[in-house]
Protein chains: 4
Amino acid sequence: MISKMTKKSHSNSLWGGRFSEPVDDFVQRFTASVSFDKRLYHHDIEGSIAHAHMLAEVGVLTPEEKNTICSGLQAIREEIEAGKFDWHVSLEDVHMNIESRLISLIGEVGKKLHTARSRNDQIATDIRLYLRDELDTLLQLKTDVLNALADLAEKHTDTIMPGYTHLQAAQPVTFGHHMMAWFEMLLRDRNRLLDCRARLNVMPLGSAALAGTTFPIDRKITARLLSFDGISENSLDAVSDRDFAIEFCAVASITISHMSRWAEELVLWSSTQFGFIDLPDRFCTGSSIMPQKKNPDVPELIRGKAGRITGNLVSMLTLMKSQPLAYNKDNQEDKEPLFDSIDTMKDVLCAMASMLPHVTPNKDKMYAAAQQGFGTATDLADYLVRKGLPFRDAHSIVGQAVACAIHENKALDQLTLAELQKFSAKIHQDVFDVLSLEGSVSARNHFGATAPEQVQLAITRGRERLQK
Amino acid sequence: MISKMTKKSHSNSLWGGRFSEPVDDFVQRFTASVSFDKRLYHHDIEGSIAHAHMLAEVGVLTPEEKNTICSGLQAIREEIEAGKFDWHVSLEDVHMNIESRLISLIGEVGKKLHTARSRNDQIATDIRLYLRDELDTLLQLKTDVLNALADLAEKHTDTIMPGYTHLQAAQPVTFGHHMMAWFEMLLRDRNRLLDCRARLNVMPLGSAALAGTTFPIDRKITARLLSFDGISENSLDAVSDRDFAIEFCAVASITISHMSRWAEELVLWSSTQFGFIDLPDRFCTGSSIMPQKKNPDVPELIRGKAGRITGNLVSMLTLMKSQPLAYNKDNQEDKEPLFDSIDTMKDVLCAMASMLPHVTPNKDKMYAAAQQGFGTATDLADYLVRKGLPFRDAHSIVGQAVACAIHENKALDQLTLAELQKFSAKIHQDVFDVLSLEGSVSARNHFGATAPEQVQLAITRGRERLQK
Amino acid sequence: MISKMTKKSHSNSLWGGRFSEPVDDFVQRFTASVSFDKRLYHHDIEGSIAHAHMLAEVGVLTPEEKNTICSGLQAIREEIEAGKFDWHVSLEDVHMNIESRLISLIGEVGKKLHTARSRNDQIATDIRLYLRDELDTLLQLKTDVLNALADLAEKHTDTIMPGYTHLQAAQPVTFGHHMMAWFEMLLRDRNRLLDCRARLNVMPLGSAALAGTTFPIDRKITARLLSFDGISENSLDAVSDRDFAIEFCAVASITISHMSRWAEELVLWSSTQFGFIDLPDRFCTGSSIMPQKKNPDVPELIRGKAGRITGNLVSMLTLMKSQPLAYNKDNQEDKEPLFDSIDTMKDVLCAMASMLPHVTPNKDKMYAAAQQGFGTATDLADYLVRKGLPFRDAHSIVGQAVACAIHENKALDQLTLAELQKFSAKIHQDVFDVLSLEGSVSARNHFGATAPEQVQLAITRGRERLQK
Amino acid sequence: MISKMTKKSHSNSLWGGRFSEPVDDFVQRFTASVSFDKRLYHHDIEGSIAHAHMLAEVGVLTPEEKNTICSGLQAIREEIEAGKFDWHVSLEDVHMNIESRLISLIGEVGKKLHTARSRNDQIATDIRLYLRDELDTLLQLKTDVLNALADLAEKHTDTIMPGYTHLQAAQPVTFGHHMMAWFEMLLRDRNRLLDCRARLNVMPLGSAALAGTTFPIDRKITARLLSFDGISENSLDAVSDRDFAIEFCAVASITISHMSRWAEELVLWSSTQFGFIDLPDRFCTGSSIMPQKKNPDVPELIRGKAGRITGNLVSMLTLMKSQPLAYNKDNQEDKEPLFDSIDTMKDVLCAMASMLPHVTPNKDKMYAAAQQGFGTATDLADYLVRKGLPFRDAHSIVGQAVACAIHENKALDQLTLAELQKFSAKIHQDVFDVLSLEGSVSARNHFGATAPEQVQLAITRGRERLQK
């Protein structure tokens, strides 16, 4: 059952000095990270080039050595991008693969690159550089989705639909207002991501293994070359903590929690029973057995992605729980959940940005649904309050009117004035204005409410806030 | 097995208008929230008073009505704080308990308070007010802990201990530097909390059930009275989202993840094998069977609290997953995990702030431990680099020297010059300076590194950053 | 900010021998567990009585000592149940509260009870005894729900509703069949609980602190008195592991995951758009602002409870992650999530068992919904296969027929024979038999399928399996 | 930012009949599962062959058709295993890739294979078959680890080490006893896996899309061919539930929680401070900067794997939360966490099974550590109880003796008889027998305790229980 322990013919040449026996193949594969950390190659090389520049500035490398190293690193980047680079599990990780190739490419001078650093600060730097780029992509994608939402809302500032609480029609709202609820959620998520970006954009390089280095490095040079806003204040912290990555996973979890809610609504709305929207065919798939099916696969998958992104967050939190300082090998496990949450968020946002412009609300069905369910009952209660009844009494009277209407199988505005007056003498002909959907919606005309005028203002403000 | 379904004699008087049969006792208890949401009474009343003021300003209440209502609410607050208030499960939640008492206390006018709002925006407001106060307490507690850390670090800028990676002694560091690693983690956590506070300090009140209200409310008045920085932009979003609470739970999870790491170290360090610190007796307990035991209960419990705080975060994320808009009853489940994470964080921070000033490092044991494990091997490699060897070659040579020293059962600086020179002719008498712990620590003298001078600078900067 | 450190006047009398300063009040509260572990009092006393009996059998206690102790313990139990027992936080936990009271009640002999045991094996035993009782309650509640499901299914073996995939009507099924899907899920959950019960019913008592005891105990006696099926094999394992509690939390998570699905369906079905069921008023509540609302609170809350139960599981797993053996104080944190999952599961099952008998399916609405959505398209494809077409070709043809019907705004069985024959000449008059809902449902007449006959057989088998 | 929407030239040929526009490339990739579900190919083909046999038995296929299909499927299996199979994302999943190839290989008759089934029951069957095989591998690996533990324990039934509670030395135990604590944990995990296997070995095939099929299938034939123990009772349940997969993920989480604890101990024990064990070099790696390091990478990684396995469980639970029946696209997300937990468990168990036989306890260091920390204090208390003192009084006296010994910087057995008698006149010369480590360990001589004799018996019983 157990993997065969074929001896490697030679031990790892970069750190194997004190080891008397080779790492066997299974252990090598089990402990290696190159299969997943090679995606950091670009940022690893970027970091190494900046490091070499700094070493030259402070006199640890000669200008020639620096140039040779940088040329070598650029050649390696080209090899990788051309698919011509041989990755070796026996070289453990992206760093040692690149360094080993550098030495084979440029000779002895390549052995000088790792001066004044360690893989511990190197990987911490790589992840931050990588994540920073990905955050910028995600921020752009969020902006795309936010713009799509504002555009969709703007087309429907006065499209009436039922507003739900408890999945029971509660009061009429506008479709535009509903879209702007999603907008608000995502705008906060975007701001969370900006906060996260600010916190991660601090350079750990120079922390070396855990305590700093004895070489006369100048970290500000490297930070400037790598566009970091700041430099880590403590070397032990810098190599051992991954809270920026957990923070990203948390922000992603909140975002996907929002998106699972939108997705649930898209699925509901595209059901036959609701029929509120049509999703374009290309966001749906069919059935292998039921020829009539048009399944809202894309929203369903988005809903399902909440699982993996929440799971990734838990993975990261569990991973870090009660690890003593500083770097432990456990931390190698930080990458896959992080990468997966990044990739998934990109896909989900891309899917939403592609789909939203093609969501077509079915106005008739939404209007008809809003007419069911006594959505203007609150308006009637408010009407009675304006006529002088305390709210609680008005609420109670309307409750009786609704019970009567249910019994009569009528909508509230289908009751006659005489019928309505049985519940309160304060009801007059003008009541029918407040019982209409349009009247109800327009009457909610204050900051943050659903009146078309307010929705348009909210869209305008939303677009401005997005610019900031 | 099933709870007896004794009929209540009367249905709920505040919303029971359309219901033909009473809610039975089990269901009443199952669906009621008053057992846990009554802790919001203070903020609920604060919100109601502000709401009444605003209603009076816009003419929905007369000044007299407003005054009567506010006096009644204040009387109720006093009743509650004096322990004289009767909470009724049959009144479901904190809001209806207070409103019902208000009506019994001041009569009909009490029925007017709920005009132009709903429990949906009321509870959303209460939670934000409550959490805002608790965040301020937590921010202060974090400041206390940060100050305790800076003070402890300052006493030990040159106290030498082994720095670990993989729980193997790696390089000597100073105890002050180690404490400042914790400081950095917590300072970021504090900044996360500040970001969270900024995002939550937005007022949902005025969103009513989900769509706003038909009354001519002025939300800016209420927001000003309640010291909110802003007003929610969308009523559907405002009553249905709880992302600010999830964000807090996430920040708490990151914080406790850090603290579980500190706690792990405190437990390790107070073990007989390490013996690096003494914890005062009052943070420890004894054993019911083993009279000699002195158990580090407080750090162990802090470590264990990582479980509940992470669990609370998962509860919140799971809760919100794929809920359609707007408010659903599910959301009632948002309070207990939130409250528990608040309470737990307060306890944990209080415990740390109390304990840290009394942590006494055992300098001798730490120094002796730093002497074991070849902690200055890197210094020897750096020495060889400065003598002209490429780092990788230096690394390899030192590996052989260490292997020899292990074989000889000596520390590196116990090898003779002659022995050392067997590994490289570049080694001279001056090597013994770099092989000492003090030499090693002092040589790491750049921004963020462990040299005593740098640690003192980091402490000074840390205190300044804390002021901001 | 930090709790005042008022000195206690005396240290804990049960283990304070070696301590030179008292535990302060905050630490006392922070480390004490009595506020939540006192609910174990009954099982703690049960365990102590059995322990005393065993000690007497093996000669460590005299019969008189044993009798005095057991009488004392019974008196304490009565005090507790009469609400006359003073719990002291200063006595930390349920064990020391009871032991201390025992000594005050019966004098010196009370000090002998703790011979040959430790709080470590005592609490491990208490939790197992407590959980065993609660599991038996939960098993009975699950049986109640299962019976309610079988009863409900039996009333509706031929009530037709749309079967959904992707929330799109797929094929007609019977309501009874749908209820039996829930039955199957819960029956597996019940079996998981039985497996869990078998694994937990092993006695840790006798493991003492971690290594066993030097007294000549006979653990089989105690196990027999406490109705344990077995005795733990390893003392270190017995005091430090809580996997039985995690297993329960996992089983509860799977169960609530099922129930959140049922609850989702109940919420959907009671929406206006679906209208498939009516929930009795007493499982619903109203709105404080919208008089017409009848909210399915009980299913919504059940759905929401998925959050806390999943969170509790994560708490437990996080708690145990990387704790070294044997008992650590962290483990004190095992109780609250466990208790909460137990309490929540009892409530949820009780709610379901109460509600299900009163769920009334609205046959007309379900039938009408099943007629929409081309639910018999698969039947048409199968028909064509029976006429000799390969399935894939049949599937494709029916897809075209459905597209045509959508275009014509007709159901499949509203197309004329001529229209149908345009898609395949193999279609004849008998096609209309397979296009009816009744025909479709009846035709799925094999083990596990939805034909009324099969559903009745499944109910009968289900009831038998439940007996086992 | 958004992926280019290059139109596919043709829509999916297997279900695209009713679709008017092609799925674009991004959506195709986003919704396709073939990149990860292709690993099910073997079991998919196995299931299809059994299905074809059954269809032939009941007359839906002719024997010739069946033979053609089965030969085609076997040819495809060979293509795949030879790496000659072209997987197409445009064909979505493993099922359609194989079916499409089958049709191209054997022509029209290939279109008949999908008769009387759906991808919904097909994938449910594939996962169960796949997981069943993997469970058998895991069971064998667990057996390997258990045997390794029993072997290691047997070599050390009388090797003394300190037993810890709260990471404080509590009482001496034997290394063999400690290993058998791990054994017990894993044996329970193995039994959980057996329970899980029994529950999953039930065949969903025949459930078709959700309601069964109109063809006269005989599910018992297929189940027998596929070695299933039973047939699912309800088609809706069978296609929509994944509780067997969640159960596996939960069992894996409990297992890795145990293993993270062992790993923590291995890391601790291989630290310089403890020095209790040596790990072979091949389970360790070195440092890129610190030549002297020998890092316990394998245990650290095992500890870290707790994160991903717990995360996978949370992913699955979140995924299923509140999904309505029956199959939804969300469920496509069930595979990656499941596969990852399987792969990770295999690796972790393989690593443990490889490593344990090579763990060498350092007897001298463990013995010396056991002598520190007053590990026989409980023995002294028990001694006093045997001399007639109540346990609580004895406990208190020993507490004072320990305080004195700490003050004198002596071990308990280094106090003179006269010194000891100051604490109790009942102490005599024979006390020194109970104060020795060997005496302490041997005296704990009952079922489940640490005496060498008992450990040997536990090993023997453990091996027998493993056979069952």
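Up top is the structure.
Residues numbered from 1 in each chain as written. Chains lettered and ligands numbered in written order. Predicted model: local features only at pLDDT ≥ 70, side-chain atom pairs only at ≥ 80, totals over all residues. Heavy atoms only, no water.

### Some words on the overall build of chain A
Of regular secondary structure, chain A possesses 19 helices and six strands. Taken over C-alpha atoms, the radius of gyration comes to 31 Å for chain A, far larger than the 23 Å a tight globule of 468 residues would show. In terms of its C-alpha atoms, chain A occupies a principal-axis envelope of roughly 100 × 50 × 40 Å. Buried residues in chain A amount to 71% of all 468 residues. The contacts of chain A with a sequence gap of at least 6 include a subset with a gap of at least 24, amounting to 74%. For chain A, the computed accessible surface area is about 13,500 Å², with 49% contributed by carbon and sulfur atoms. (Helix = DSSP H or I, 4+ residues; strand = E, 2+ residues; numbered from the N terminus. Rg over C-alpha atoms; globule rule 2.2 N^0.38 Å. Buried < 20%, exposed > 50% of the residue type's maximum accessible area, 1.4 Å probe, protein only. Contact = heavy atoms within 4.5 Å. Areas by Shrake-Rupley, 256 points an atom, 1.4 Å probe, with all protein chains shown as cover.)

### Observations regarding the pattern of salt bridges
Note on pairing: side chains with opposite charge can pair once their charged atoms come close. Applying the stated criterion across every chain yields a total of 152 salt bridges over all chains. Among the ionic pairs, A:Arg465 bridges to B:Glu233, the shortest N-O distance being 3.9 Å. Taken together, the residues A:Arg465 in helix H19 (residues 452-467) and B:Glu233 in the loop between strand S4 (230-231) and helix H9 (235-240) connect one chain to another. Its relative accessible area of 24% is what places A:Arg465 among the partly exposed residues. Given the relative accessible area of 11%, B:Glu233 is considered buried. Salt-bridge contacts for B:Asp340 lead to B:Arg308; the nearest nitrogen and oxygen are separated by 3.0 Å. Placement of B:Asp340 in helix H12 (residues 335-355) and of B:Arg308 in helix H11 (residues 297-320) is noted, with a sequence separation of 32 residues between them. Exposure remark for B:Arg308: the relative accessible area of 12% places this residue in the buried category. (Salt bridge = Lys/Arg side-chain N within 4 Å of Asp/Glu carboxyl O.)

### Focus on helix H15 (residues 391-408) of chain A
Look at H15(A): 25 Å from first C-alpha to last across 18 residues, which is about the 26 Å you get at 1.5 Å a residue. Within H15(A), the full set of buried residues consists of A:Phe391, A:Arg392, A:Ala394, A:His395, A:Ile397, A:Val398, A:Gly399, A:Ala401, A:Val402, A:Cys404 and A:Ala405. For H15(A), the secondary structure elements touched by its buried residues are helix H14 (377-386) of chain A together with helix H5 (94-106) of chain B. Just downstream of H15(A) lies A:Asn409, where phi reads positive at about 60°. (Expected span 1.5 Å × (residues − 1).)

### Re unusual backbone geometry
Of note, the amide linkage connecting A:Leu325 to A:Ala326 takes the cis form, showing an omega dihedral of -10°. By secondary structure assignment, the location of A:Ala326 is in the loop between helix H11 (297-320) and helix H12 (335-355). With a phi close to 60°, C:Ser322 is a non-glycine residue in the positive phi region. Structurally, C:Ser322 can be placed in the loop between helix H11 (297-320) and helix H12 (335-355). Phi is positive for D:Glu92, which is not a glycine, with a value near 70°.

### Some remarks on the relation of the copies chain A and chain B
Each copy of the sequence occupies a distinct position, and chain A is placed on chain B by a rotation of 180° and an axial shift of 0.0 Å, giving an RMSD of 0.0 Å. Taken together, the turn and the small shift mark the pair as related by a two-fold rotation axis. Of every C-alpha in chain A, the one belonging to A:Ala250 sits nearest the axis of rotation, 3.1 Å from it. Most of the interface of chain A is mirrored in chain B: 100% of its interface residues are interface residues there too. (Least-squares fit on C-alpha atoms with pLDDT ≥ 70 in both.)

### Concerning the interface of chain A and chain B
Facing 105 residues of chain A, the contacting portion of chain B comprises 106 residues. Among the residues of chain A in contact with chain B, A:Glu233, A:Arg261 and A:Arg392 are the three that bury the most area, contributing 10% of the side total. Here A:Lys111 makes a salt bridge to B:Asp393, at a shortest N to O gap of 2.7 Å. Linking chain A with chain B are 58 residue pairs in polar contact (both at pLDDT 80 or more), by the criterion used here. Per-element tally for the side of chain A that touches chain B: the top contributor is helix H10 (residues 243-269) of chain A, with 14 residues. (Buried area = accessible area lost by both parts, 1.4 Å probe. Polar contact = N/O pair within 3.5 Å; in protein donor to acceptor, adjacent residues only side chain to side chain.)

### Here's the deal with the environment of D:Glu154
Residues and elements named next belong to chain D. Note that Glu154 resides in helix H6 (residues 119-155). The class for Glu154 is partly exposed, based on a relative accessible area of 32%. Glu154 sits 21 residues away from Phe175 along the chain, and the two C-alpha atoms are 9.4 Å apart. Beyond its immediate chain neighbours, meaning those up to four positions away, Glu154 contacts Gln456, Ile459 and Arg463.

### Some thoughts on helix H4 (residues 63-81) of chain B
The α-helix winds at 3.6 residues per turn, so residues separated by three or four positions along the chain end up facing the same way. Residue and element names in this part refer to chain B. For H4, built from 19 residues, the straight-helix expectation of 27 Å at 1.5 Å per residue is met to within 8% by its first-to-last C-alpha distance of 27 Å. The elements touched by buried residues of H4 are helix H3 (41-57) and H5. One or two positions beyond H4, positive phi appears at Gly83, with a value near 75°.

### Regarding the side chain of A:Asp121
All names here are of chain A. Within the secondary structure, Asp121 is located in helix H6 (residues 119-155). Despite being buried, Asp121 has no salt bridge partner; Arg117 is the closest side chain of opposite charge, sitting 6.2 Å away. Only 3.0 Å separates the side chain of Asp121 from the backbone nitrogen of Gly206, close enough to count as a polar contact. Each residue touching Asp121, except ones within four places of it in the same chain, is listed here: Pro204, Leu205, Gly206, Ser207, Ala208 and Val239. (Lys, Arg positive; Asp, Glu negative; His and termini not counted.)

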